[in-house]
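Structure assessment
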Amino acid sequence: MFSILSRDTRFFDLLEKGSAVVVRTAEAYAELAQNYSNREQIVSQIRRSEHDGDSVTHQTLALLDKSFITPFDREDIQTLIKRMDDIIDEIDAAAKRLTLYRIAEVTPWLAKQTVVLVRATRLIADAVGQLRNLKNPGRMQEHLIEVHHLENVGDDNNHAAVAELYETATDPILVMKWKEIYDLTERAIDRCEDVANTIEGIVLKNT
Amino acid sequence: MFSILSRDTRFFDLLEKGSAVVVRTAEAYAELAQNYSNREQIVSQIRRSEHDGDSVTHQTLALLDKSFITPFDREDIQTLIKRMDDIIDEIDAAAKRLTLYRIAEVTPWLAKQTVVLVRATRLIADAVGQLRNLKNPGRMQEHLIEVHHLENVGDDNNHAAVAELYETATDPILVMKWKEIYDLTERAIDRCEDVANTIEGIVLKNT
Amino acid sequence: MFSILSRDTRFFDLLEKGSAVVVRTAEAYAELAQNYSNREQIVSQIRRSEHDGDSVTHQTLALLDKSFITPFDREDIQTLIKRMDDIIDEIDAAAKRLTLYRIAEVTPWLAKQTVVLVRATRLIADAVGQLRNLKNPGRMQEHLIEVHHLENVGDDNNHAAVAELYETATDPILVMKWKEIYDLTERAIDRCEDVANTIEGIVLKNT
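None of these values were measured; they are calculated from a predicted model. (Residues numbered from 1 in each chain as written. Chains lettered and ligands numbered in written order. Predicted model: local features only at pLDDT ≥ 70, side-chain atom pairs only at ≥ 80, totals over all residues.)

Examining the overall build of chain A
To be explicit about the condition: Here a strand is any run of E in DSSP of at least two residues, a helix any run of H or I of at least four, and the numbering for each starts at the N terminus. Only C-alpha atoms enter the radius of gyration; for comparison, a globular chain is expected to reach 2.2 Å times N to the power 0.38, where N is the number of residues. Remark: residues whose backbone-derived C-beta atoms lie within 7 Å of one another are considered to be in contact.
For chain A, the count of helices and strands is six helices and zero strands. When the elements of chain A are put in sequence order from the N terminus, they spell out α-α-α-α-α-α. Radius of gyration (C-alpha) of chain A: 18 Å, near the 17 Å computed for a compact globule of 207 residues. A principal-axis box enclosing the C-alpha atoms of chain A has dimensions of 65 × 30 × 25 Å. The long-range fraction of contacts in chain A, counting pairs at least 24 apart against all pairs at least 6 apart in sequence, stands at 83%.

Structure below.
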């Protein structure tokens with residue numbers, strides 16, 4: 001049996017493990033945009049991260065099921081781990097489509113968006129790390145506000161990318177493929193904001 | 001400090017203020033479809049309404065945070081104000097795309113849908129106004145049923161608009177642009193139904 | 001007045017009735033893919049099933065409103081019936097587009113996906129039937145795991161179908177039409193997984 005304290009620690013461990021998978025997946029996606037000739041390998045790596053994310057999510061839900069005491073509301077922990085997993089799923093869906101649709105080369109807009117995404121996931125991982133110590137949250141609030149800002153940046157980038165795509169492209173099928181990939185990438189950034197909202201809700205209830 | 005009563009009043013004031021921004025945004029969108037040569041100006045105006053909507057939402061959530069007593073369930077007020085804001089966000093997204101995608105002229109179908117949207121938002125504003133006085137809700141039920149009906153009308157219009165687009169258009173990129181704008185407009189009408197559902201839930205719990 | 005027991009029975013009856021409409025709608029969609037020359041008739045039949053689904057949903061929500069005692073959490077029953085209705089809505093939306101967009105013939109991929117969908121809905125109906133008797137749930141767990149598996153199959157089929165569409169099609173407008181129909185069909189299968197998740201949550205809380 002575990003003491004209350006050790007039980008708490010295990011939730012924080014799992015949430016941090018989950019956020020580390022999120023960062024790793026976003027970094028692999030940015031690497032994919034930089035190093036596109038290695039695409040087969042990097043897409044497989046993202047696929048494996050997606051399984052890792054599922055595994056951490058299931059471990060967290062299983063621990064919730066057998067725990068009487070949790071550091072925050074049961075539902076909030078569930079929402080937080082699931083929404084982190086949603087980020088990974090969107091990245092995996094976007095990355096997979098690059099190879100599935102036989103995209104020959106990536107665009108500067110995609111590279112730009114993956115940089116925004118990496119930054120947002122790192123801020124989230126920082127904030128998740130601070131959940132252990134809500135009495136002394138450090139620069140958590142600033143980090144979360146920055147995630148909201150990055151969501152706006154991602155939105156503006158996506159609009160500009162799609163407008164450019166529509167202006168310049170000549171092959172409508174290629175336009176459709178890229179529209180889908182851009183939208184999935186932007187959605188991954190949106191999901192980071194969902195996670196930021198969830199963390200803010202937890203902080204509000206617990207301070 | 002405020003008495004319980006005055007506190008209640010402030011929630012109703014904010015919800016009404018929010019619903020007024022919704023109506024104003026929908027009206028500007030209808031104006032955009034009628035008066036498309038003024039598009040730059042009207043799209044900026046919608047953009048400002050979108051900020052107003054965010055501001056009312058934040059004020060409402062802040063008031064919720066510091067209030068011990070609320071006229072309805074805390075969560076219902078939160079859901080209601082957020083869903084009203086969702087209507088505004090969809091309209092803003094649709095309107096922005098008209099200029100972003102350099103659409104040269106609008107279609108009769110768009111004008112038709114914005115009329116449906118204005119009607120739905122006005123009915124919602126009426127119903128929100130009646131929340132102050134649930135003992136005597138007047139024609140609230142009829143109004144909300146009419147919103148459900150308008151959602152069906154919006155749906156049918158959208159299907160007809162997209163089918164016509166597919167039948168008649170020759171430029172596939174233009175088809176993609178319009179498909180997105182039509183779908184966002186229909187989604188704004190769908191969000192009106194979400195708001196109607198939320199209000200119906202509140203009425204059910206509080207009468 | 002009803003005894004507690006008879007009241008419980010009525011909820012199970014309605015949930016089973018709902019799941020039967022889901023299965024019937026999926027079967028009609030599979031029939032549509034097999035027997036496409038009868039499309040007008042089958043699409044109308046699906047449309048009627050969509051109304052039947054709405055009716056069972058409303059009956060269930062009305063019974064919830066007037067019942068003090070429910071066999072499971074009030075919210076879980078509401079979520080379950082609504083999510084079953086979501087499956088029907090997606091099928092109806094997909095089927096309607098086949099005639100609306102004047103699709104001349106269906107593809108083998110569509111037929112394949114409707115088979116997956118029928119299988120998933122039958123498993124759900126089995127699981128819903130077992131809710132009456134959670135002490136002795138039979139092979140419910142296996143059935144629900146199979147639904148998760150079918151969701152993955154549906155996902156893979158959809159990716160392959162869309163990739164093939166992009167590779168082989170020459171008419172971009174036709175590609176857009178099929179992309180939408182394929183995505184709606186996959187979403188119907190996704191909704192089956194949502195229902196499976198809801199049932200699993202109910203089982204977890206009640207055993």
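Thoughts on the environment of Ile 202 of chain A
Residues and elements named next belong to chain A. Relative to the assigned elements, Ile 202 resides in helix α6 (residues 172-206). Sequence spacing of Ile 202 and Phe 72 is 130 residues, and the spatial spacing of their C-alpha atoms is 7.2 Å. Filtering out sequence-adjacent residues up to four positions away, Ile 202 remains in contact with Phe 72, Asp 76 and Leu 131.

Details of unusual backbone geometry
Residues and elements named next belong to chain A. Here is the rule: Exposure in this text rests on C-beta crowding, where 20 or more other C-beta atoms within 10 Å of a residue's own make it buried, 12 or fewer make it exposed, and counts in between make it partly exposed. The C-beta atoms are placed from the backbone.
Positive phi, normally seen in glycine, also occurs at Arg 102, with a value near 50 degrees. Structurally, Arg 102 can be placed in the loop between α3 (74-100) and α4 (108-130). What makes Arg 102 exposed here is the crowd of 10 C-beta atoms within 10 Å.

Quick word on the relation of the copies chain C and chain B
For the record, the criterion: In this comparison the copies share one frame, found by least squares on the C-alpha atoms of residues holding pLDDT of at least 70 in both.
For the pair chain C and chain B, the superposition axis carries a translation of 0.0 Å, the fit reaches an RMSD of 0.0 Å, and the rotation angle comes to 120 degrees. On the angle and the small slide along the axis, the relation comes out as a three-fold axis. No C-alpha of chain C lies nearer the rotation axis than that of Pro 172 of chain C, which sits 3.7 Å from it. Little of the interface of chain C is mirrored in chain B: 14% of its interface residues are interface residues there too.

Notes on the relation of the copies chain C and chain A
In screw terms, the move from chain C to chain A is a rotation of 120 degrees and a rise of 0.0 Å along the axis, fitting with an RMSD of 0.0 Å. By residue overlap, the copies meet through two different surfaces: only 17% of the interface positions of chain C are interface positions in chain A.

A few points about the packing of helix α5 (residues 140-168) of chain A against α6 of chain A
Two measures define how a pair of helices packs: the angle their axes make with one another and the distance between the axes. Residue and element names in this part refer to chain A. Our working definition: Axes here refer to lines fitted to C-alpha atoms; in helices the fit is confined to the stretch in contact. Angles between the N-to-C directions go from 0 to 180 degrees. Note that the term roughly parallel is reserved for angles under 35 degrees, roughly antiparallel for angles over 145, roughly perpendicular for angles of 65 to 115, and oblique for everything else. Any residue that is not Ala, Val, Leu, Ile, Met, Phe, Trp, Tyr, Cys, Pro, Asp, Glu, Lys or Arg is counted as polar, Gly included; the first ten are nonpolar and the last four charged.
Contact geometry for α5 and α6: axes closest at 9 Å, N-to-C directions at 170 degrees. Between α5 and α6, the angle is such that the two are roughly antiparallel. For the pair α5 and α6, contact is made by Leu 144, Val 147, His 148, Leu 150, Glu 151, Gly 154, Asp 155, Asn 158, Ala 161, Val 162, Leu 165 and Tyr 166 and by Val 175, Trp 178, Lys 179, Tyr 182, Glu 186, Ile 189, Asp 190, Cys 192, Glu 193, Ala 196, Ile 199 and Glu 200, respectively. Classifying every residue of the contact of α5 with α6 gives 14 nonpolar, three polar and seven charged.

Quick look at the interface of chain C and chain B
On the chain B side, the residues contacting the seven residues of chain C number six residues. The greatest single-element share of the side of chain C that touches chain B, amounting to four residues, is contributed by helix α6 (residues 172-205) of chain C.

Describing the interface of chain C and chain A
Accessible area lost when the parts come together is the quantity often used to give the size of an interface. The interface of chain C with chain A comprises six residues on the first partner and seven residues on the second. Contributing elements (two or more residues each) for the side of chain C that touches chain A: α5 (140-168) and α6 of chain C. A class-by-class count of the residues in the side of chain C that touches chain A yields five nonpolar, one polar and no charged.

Points about the confidence of the model for chain A
Do not read the fine detail of predicted coordinates wherever pLDDT is low. All names here are of chain A. Applied cut-off: Scored between 0 and 100, pLDDT is the confidence that the predictor attaches to each residue.
Across chain A, the average pLDDT comes to 93, with 96% of residues at or above 70. Averaged pLDDT values over the elements of chain A bottom out at 90 in helix α1 (residues 4-34) and peak at 97 in α4. Across the assembled chains, the prediction reports ipTM 0.85 with pTM 0.91.

Overview of the packing of helix α4 (residues 108-130) of chain C against α6 of chain C
Residues and elements named next belong to chain C. Condition: Note on convention: the crossing is left-handed when the near helix lies turned anticlockwise from the far helix by less than a right angle, right-handed when the turn is clockwise.
Contact geometry of α4 with α6 gives a least axis separation of 10 Å together with a crossing angle of 15 degrees. With respect to α6, the axis of α4 lies roughly parallel. Crossing geometry of α4 relative to α6 is assigned as left-handed. Within the contact between the two elements, α4 uses Leu 110, Gln 113, Val 116, Leu 117, Ala 120, Thr 121, Ile 124 and Ala 127 and α6 uses Thr 185, Glu 186, Ala 188, Ile 189, Cys 192, Val 195, Ala 196 and Ile 199. Partitioned by chemical class, the residues of the contact of α4 with α6 number twelve nonpolar, three polar and one charged.

A look at α5 of chain C
Residues and elements named next belong to chain C. What counts, and what does not: Take the residue count of a helix, subtract one, and multiply by 1.5 Å to get its expected span.
Given a rise of 1.5 Å per residue, 29 residues ought to cover 42 Å, and the 41 Å separating the end C-alpha atoms of α5 matches this to within 8%. Looking at α5, one finds that the buried residues are Met 140, His 143, Leu 144, Val 147, Leu 150, Glu 151, Gly 154, Asn 157, Asn 158, Ala 161, Val 162 and Leu 165. Among the structural elements, α4 and α6 are those in contact with the buried residues of α5.

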